[in-house]
Amino acid sequence: MDPSETNSFEEQWKKAFQEASETPPLSAWEGIEARLDKEERKVVPLWWQTPRLWYAAASVAALLMVGVALWNGSGDLTDAGKQIAANKTQIEGQQADRNNPEVQQTEKSIQDKEEVIKTPDNASETVIAKVEPGRSKIAPAGKLPQTTPEHLASAPGGKESGKLAKTGSAEVLPEGNSIAAARLTEANKVLSSGESNKNEDIAVLSKNTNAAPEVSASAMDAASQILAEALTPIGYKDLDVYVQKRYVFFRPDALNNIPEKAAKKKREYYAGVGVMPASFNPNVKVTSAPSAFAYANASSRSTVGESHAGTSYAVQTQGGKRLSKHWSVETGVSYLQGNSSYEGDGYLIEPATSRSQNVLESALADKNSNQGLSGAPPASNALYIDLKKEFRNDYRYLQVPLQAGFTLNPDKKFSYSLLGGMMANFFMNNEIESASGNVITTKASDDVYRSLNWAATTGLRLNYRLSPQWRATLTGSYQQSLTSGFKNNETLEAHPYLYGVSWGVRYSF
Amino acid sequence: MTFNEHELVIGCQQRNRVAQKQLYDVFGGKLFAICLRYTKNRTDAEDVLQDAFIKIYENISTFRNDSPLEYWLRSIVVNTALNHLRQQKYLKQLDDIDGYENGLSGKELILADFQWQQLLGFIKELPIGCQTIFNLYAIEGYQHNEIAQKLGISEGTSKSQYSRARVLLQEKLNKETRFDDGSVRNK
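In this text, all values refer to a predicted model and were calculated from it rather than measured experimentally.

Points about the overall build of chain A
For step 1, the next point in the chain: Along chain A, the regular secondary structure elements total 17 helices and 15 strands.
For step 2, the next point in the chain: Taken across its 509 residues, chain A has 33% of its residues classed as buried.
For step 3, the next point in the chain: Within chain A, contacts between residues separated by at least 24 positions form 74% of all contacts whose residues are at least 6 apart in sequence.

Printed below as a string of structure tokens:
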């Protein structure tokens, strides 16, 4: 037959049917659909048909088996292993025979068989198209494992090997590897029957190993023992150790961070309390001489005095909201006790009554003419005493800040916040120590001071995280009034400022 | 909605009925033609087609994209057809046939002049063993040893059955006369 003609003949037929297509009758799809509906009602889980899961299950089972074997230690052999070990001791006297090249050849063939057993694992992953033809392949071969063990058991002196064949094929090998099992049992069959000194079986063995040497009976005994050795579980200490590097991307603190992050999302609000020792200076200035000082010809001296900061404090409450990782906004209510003093260059004294009056007292009396600050203003014949005298000048404010904060290292133990904003200072009262030692109190209702004073505020806050909820804070702040504290700036001006360091705690929720 | 091949596979894996129907619509015609080649009548071909599609839908999760989908589908249909023939005991006894090896020579074939339906008719007229082996060897492209394994016969049987099929087909083709208008009719 001319090959070119053959190719031509088959190619022509192949080509003729390559695109052949005929619409199937409608009933075909209806039949398929009906069967699909029927199968869907059976509710066969899809995973049941997924080979991967079976492979995974087989892998887990194999790992468990290996794990159990390792756990028991290399010294604990199975019953079959013990029998094999017994056989081993019996044939130690035959070690000389193992040096025989024919036996070595046999040993090699056993190793070859073992390799054959390993290969079908990959073959089982072939697509269904190959499974179908595989079935026909397996079907005839699959008969072997069923029959050979019996045969092996009946073979003289082959009991041990028969047991091995059973354990080797039926238990160890997965069902899909029946071809390999068949081959293994075939090898066992040949080897064990070799013990019965049948030369024809030896010939079969030789055929399998691509060698045709004549094997003596003693050699076959040895071969059977070698097979037993080959199938003996090797102690794990004797196994080659292959180290596999695994790079697992695992961050140890990741688990700790997850709930914290979740908690942080919830903790957008915080509240805090604090106490701020501060240095408060009302910065009061007498811009023009009070009338009494003017009478006393001390106009120029009346404006020389100055305010000194005193030890003050503020009790603060805060409430804030975290807008983003770094940004926050906060407000609160504070009570500020602003203590200070005023050092006047001199004071007035009325000789008749010995009443005295300092410059602030006099200026406030001018502003608040309806209410005598210290009874009646000094008489026009009062004398100016050119003697410096410092007297107390205290303020009380209710403060409502509105600040924005930018926090650095918000997730760290220590974090820093830059603060900036406005402060609404609601005037409560002012106490001035008069020259005579009395305290003159000016209230908001007296209409001397502005009831609301705006101040700019800025600061730096150090946060220390005590727990996920609690933080200790240390805030340095500076407040500067933007407007004068007095309603009428003709004679008096006040631009208070404050330095303070606040200690506090904050609770996030 | 029209799926591409990859989407069709995924849809069928998810047992989406629309995808299943579309797979049938796209490939049903070609696969039915294969069924017709392996069977003697349309009823059997329809049965094979139904069995094949059920098998396809059930096993499509095992399909890997390393081979063309159509090749995979054709393989399933062929195997289903062979199973069908086995069940019907058509392939129970296939014997060696002697005397056909020398009868292959003849005039050069030009199948291009024939419609595939005519050629299909010739194939269907073959004895079932010859029909099957001819399909597997000439059209599907399997080797004789593969066919022997598939059908559980000897390689020699496969070869002799094929030779017989070839001779019979050639005889049928030789009966045809080509007319001037290019058409091919019976003598």
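So that's the structure; there's more coming.
Thoughts on the overall build of chain B
For step 1, the next point in the chain: Secondary structure assignment for chain B yields 8 helices and 2 strands.
For step 2, the next point in the chain: Listed by position from the N terminus, the elements making up chain B come as α-α-α-α-α-α-α-α-β-β.
For step 3, the next point in the chain: The proportion of buried residues among the 187 residues of chain B is 41%.
For step 4, the next point in the chain: Contacts in chain B between residues at least 24 apart in sequence constitute 62% of all its contacts with a sequence separation of at least 6.

Overview of helix α5 (residues 116–125) of chain B
For step 1, the next point in the chain: Restricting attention to buried positions, one finds in α5 of chain B the residues W116, L119, F122 and I123 of chain B. Mapping the buried residues of α5 of chain B onto a view down its axis gives an arc of 115°, with all of them on the same face.

Some remarks on unusual backbone geometry
All names here are of chain A.
For step 1, the next point in the chain: Phi is positive for N283, which is not a glycine, with a value near 55°.
For step 2, the next point in the chain: Relative to the assigned elements, N283 resides in the loop between β1 (269–281) and β2 (284–286).
For step 3, the next point in the chain: Taking the number of C-beta atoms within 10 Å as the measure of exposure, N283 has 18 and is therefore partly exposed.

A look at the interface of chain B and chain A
For step 1, the next point in the chain: With 37 residues of chain B at the interface, the matching set in chain A holds 32 residues.
For step 2, the next point in the chain: Looking at the side of chain B that touches chain A, the elements that each hand over two or more residues are α2 (17–38), α3 (42–59), α4 (69–87), α5, α6 (128–139) and α7 (144–151) of chain B.
For step 3, the next point in the chain: The element best represented in the side of chain B that touches chain A is α2 of chain B, accounting for 9 residues.
For step 4, the next point in the chain: Classifying every residue of the side of chain B that touches chain A by side-chain character gives 19 nonpolar, 13 polar and 5 charged.

Section: the nonpolar core
For step 1, the next point in the chain: In this structure, L31, C35, L49, V77 and F134 of chain B are the most contacted members of the largest nonpolar core, which totals 55 residues.
For step 2, the next point in the chain: Shared between two domains, this core takes at least three residues from each, and those domains are domain 1 (5–87) and domain 2 (101–186) of chain B.
For step 3, the next point in the chain: If sequence neighbours within four positions are ignored, L49 of chain B has contacts with P24 and A28 of chain A together with L31, F32 and C35 of chain B.
For step 4, the next point in the chain: One finds A278, Y342, L348 and Y397 of chain A within the second-largest nonpolar core, a separate group that totals 34 residues.

Topic: the sheet that holds strand β6 (residues 347–350) of chain A
Residue and element names in this part refer to chain A.
For step 1, the next point in the chain: Taking strand neighbours across the sheet as the criterion, the 3 strands line up as β7-β6-β8 in an open arrangement whose pairing is antiparallel. In this open sheet, the two edge strands, each paired with only one partner strand, are β7 (355–357) and β8 (383–385). Each strand axis lies, on average, 30° off the axis of its neighbour in the sheet, ignoring direction.
For step 2, the next point in the chain: Direction of pairing for β6 relative to β8: antiparallel, over a ladder of 3 bridges. By the bridge assignment for β8, Y347 is matched with I385.

Examining the packing of α2 of chain B against α4 of chain B
Residues and elements named next belong to chain B.
For step 1, the next point in the chain: At a minimum axis separation of 10 Å, α2 and α4 run at an interaxial angle of 30°. With respect to their mutual orientation, α2 and α4 come out roughly parallel. In this structure, α2 meets α4 at a crossing whose hand is right-handed. Across from F27, L31, I34, C35 and Y38 in α2, the residues of α4 making contact are E70, L73, R74, V77, V78, A81 and L85.

Description of the pairing of strand β3 (residues 306–322) of chain A
All names here are of chain A.
For step 1, the next point in the chain: As paired strands, β1 and β3 are joined by 12 bridges and run antiparallel to one another. From the neighbouring strand, S279 faces β3, where its bridge partner is T311.
For step 2, the next point in the chain: Taken together, the 4 bridges between β3 and strand β5 (residues 340–344) define a ladder with antiparallel strand orientation. When the sheet's bridge partners are listed, S307 is paired in β5 with Y342.
For step 3, the next point in the chain: Sheet analysis places β3 next to strand β4 (residues 327–338), joined by 10 bridges and oriented antiparallel. Within the sheet, the bridge partner assigned to Q318 lies in β4 and is G332.
For step 4, the next point in the chain: Between the end of β3 and the start of β4, which pair antiparallel, lie 4 residues.

Considerations on the environment of H308 of chain A
All names here are of chain A.
For step 1, the next point in the chain: In this fold, H308 is placed in strand β3.
For step 2, the next point in the chain: On the basis of neighbour count, H308 is assigned to the partly exposed category, with 13 C-beta atoms found within 10 Å.
For step 3, the next point in the chain: Along the backbone, H308 and F391 are 83 residues apart, and their C-alpha atoms lie at a distance of 9.9 Å.
For step 4, the next point in the chain: Those residues in contact with H308, other than ones at most four positions away along the chain, are S340, S341 and E343.

A closer look at helix α8 (residues 155–175) of chain B
For step 1, the next point in the chain: Taking 1.5 Å of rise per residue, 21 residues should cover 30 Å, and α8 of chain B covers 31 Å from first to last C-alpha, within 8% of that figure.
For step 2, the next point in the chain: Contacts made by the buried residues of α8 of chain B are with α5, α6 and α7 of chain B.

As for the pairing of strand β10 (residues 414–433) of chain A
Residue and element names in this part refer to chain A.
For step 1, the next point in the chain: Bridging between strand β9 (residues 389–408) and β10 involves 16 bridges; their strand directions are antiparallel. Its bridge partner lying in β10, R396 is registered against N429.
For step 2, the next point in the chain: In this structure, the hairpin formed by β9 and β10 is closed by a connection of 5 residues, where N409 is found at a positive phi of approximately 50°.
For step 3, the next point in the chain: Here β10 runs beside strand β12 (residues 452–465); their pairing, made up of 13 bridges, is antiparallel. Bridging from a neighbouring strand, F414 pairs with Y464 of β12.

Quick notes on the confidence of the model for chain A
All names here are of chain A.
For step 1, the next point in the chain: In the predicted model, chain A carries a mean pLDDT of 70, and the fraction of residues at 70 or more is 56%.
For step 2, the next point in the chain: Under a pLDDT of 50 for its full length, residues 91–103 has, in the predicted model, 19 contacts with residues more than four places off or in other chains.
For step 3, the next point in the chain: Under a pLDDT of 50 for its full length, residues 190–215 has, in the predicted model, 51 contacts with residues more than four places off or in other chains.

Digging into the confidence of the model for chain B
For step 1, the next point in the chain: Per-residue confidence for chain B gives a mean pLDDT of 84, with 83% of residues at or over 70.
For step 2, the next point in the chain: Of the two predicted TM-score estimates for the complex, the pTM is 0.38 and the ipTM is 0.87.

Description of the packing of α6 of chain B against α8 of chain B
All names here are of chain B.
For step 1, the next point in the chain: Where α6 meets α8, the closest approach of the two axes is 8 Å, and the angle between their N-to-C directions is 95°. Here α8 runs roughly perpendicular to α6, going by the angle between their axes. Side by side, α6 and α8 meet where G129, C130, I133, F134 and Y137 of the first sit next to S158, Q161, Y162, R164, A165 and L168 of the second.
For step 2, the next point in the chain: Classifying every residue of the contact of α6 with α8 gives 7 nonpolar, 3 polar and 1 charged.

A closer look at the environment of L126 of chain B
Residues and elements named next belong to chain B.
For step 1, the next point in the chain: With respect to the secondary-structure elements, L126 resides in the loop between α5 and α6.
For step 2, the next point in the chain: The exposure class assigned to L126 is buried, which follows from the 21 C-beta atoms found within 10 Å.
For step 3, the next point in the chain: Beyond its immediate sequence surroundings of up to four residues, L126 is in contact with Q131, F134, A165 and L168.

What counts and what doesn't
Residues numbered from 1 in each chain as written. Chains lettered and ligands numbered in written order. Predicted model: local features only at pLDDT ≥ 70, side-chain atom pairs only at ≥ 80, totals over all residues. Helix = DSSP H or I, 4+ residues; strand = E, 2+ residues; numbered from the N terminus. Buried ≥ 20, exposed ≤ 12 C-beta atoms within 10 Å, placed from the backbone. Contact = placed C-beta atoms within 7 Å. Arc of directions from axis to C-beta. Nonpolar A, V, L, I, M, F, W, Y, C, P; charged D, E, K, R; others polar. Core = buried A, V, L, I, M, F, W, Y, C linked by C-beta atoms within 7 Å. Domains from an automatic or database assignment. Pairing = 2+ DSSP bridges. Axes fitted to C-alpha atoms, helices over the stretch in contact; angles between N-to-C directions. Parallel < 35°, antiparallel > 145°, perpendicular 65-115°, else oblique. Left-handed = near helix turned anticlockwise from the far one by under 90°. Expected span 1.5 Å × (residues − 1). pLDDT = per-residue confidence, 0-100.

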